[in-house]
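Results of the structural survey
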Amino acid sequence: EYLHAVPLFVAGVLVYFIGLSALMAYVLLVTPTYYENPRFRHSVRFLVYKFRPSAWWFSSVLNLRSFAVAMVTVVFPDSVEKQWLSMVFVFFASFWVQMHVQPYMEG
């Protein structure tokens, strides 16, 4: 019934999730090198402005958490208990990483 939408789904996943995530990962990887350039700094500010300089990569963790939260209902469509447990796991793991890394600037 939904088989006609599979190619569109695959294309969307490739372009949106994999493509944009790869682009964001590349930008974050080169950020320490090019951050002194004012144009580069202005264009990547939305990815790094709230984090300490040593945690410039943390927006990728937030992106991964958002993807995991969105995928919970896809992976467990018929089990509320599994959805709940998965969400609890994702949020506690995210909280643990955040407390361990302390990525946000103070103040």
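Cut-off values and rules
- Residues numbered from 1 in each chain as written.
- Predicted model: local features only at pLDDT ≥ 70, side-chain atom pairs only at ≥ 80, totals over all residues.
- Heavy atoms only, no water.
- Helix = DSSP H or I, 4+ residues; strand = E, 2+ residues; numbered from the N terminus.
- Buried < 20%, exposed > 50% of the residue type's maximum accessible area, 1.4 Å probe, protein only.
- Polar contact = N/O pair within 3.5 Å; in protein donor to acceptor, adjacent residues only side chain to side chain.
- Contact = heavy atoms within 4.5 Å.
- Phe/Tyr/Trp six-rings, centres within 6.5 Å; stacked < 30°, edge-to-face > 60°.
- Lys NZ or Arg CZ within 6 Å of the ring centre and 35° of its normal.

Brief notes about unusual backbone geometry
For Gln-102, which is not glycine, the phi dihedral falls at a positive 50°. Note that Gln-102 resides in the segment after α4 (80-101). What makes Gln-102 partly exposed here is its relative accessible area of 45%.

Some details on the side chain of Ser-59
Its location among the elements puts Ser-59 in helix α3 (residues 58-75). Residue classification places Ser-59 among the buried residues on the basis of a relative accessible area of 10%. At a separation of 3.3 Å, a polar atom in the side chain of Ser-59 contacts the main-chain carbonyl oxygen of Leu-47. Residue contacts for Ser-59: discarding those within four places in its chain leaves Met-24, Leu-28, Leu-47 and Phe-51.

A short note on the packing of aromatic side chains
Tallied over the entire structure, the rule returns six aromatic pairs. Where Phe-51 meets Phe-58, the ring centres are 5.7 Å apart and the plane angle is 65°; that geometry is what we call edge-to-face. Looking at Phe-51, the relative accessible area reads 2%, which means it is buried. One aromatic cluster in this structure is built from Phe-51, Trp-57, Phe-58 and Tyr-104. Against the face of Tyr-35 rests Arg-41, its NZ or CZ located 5.6 Å from the ring centre.

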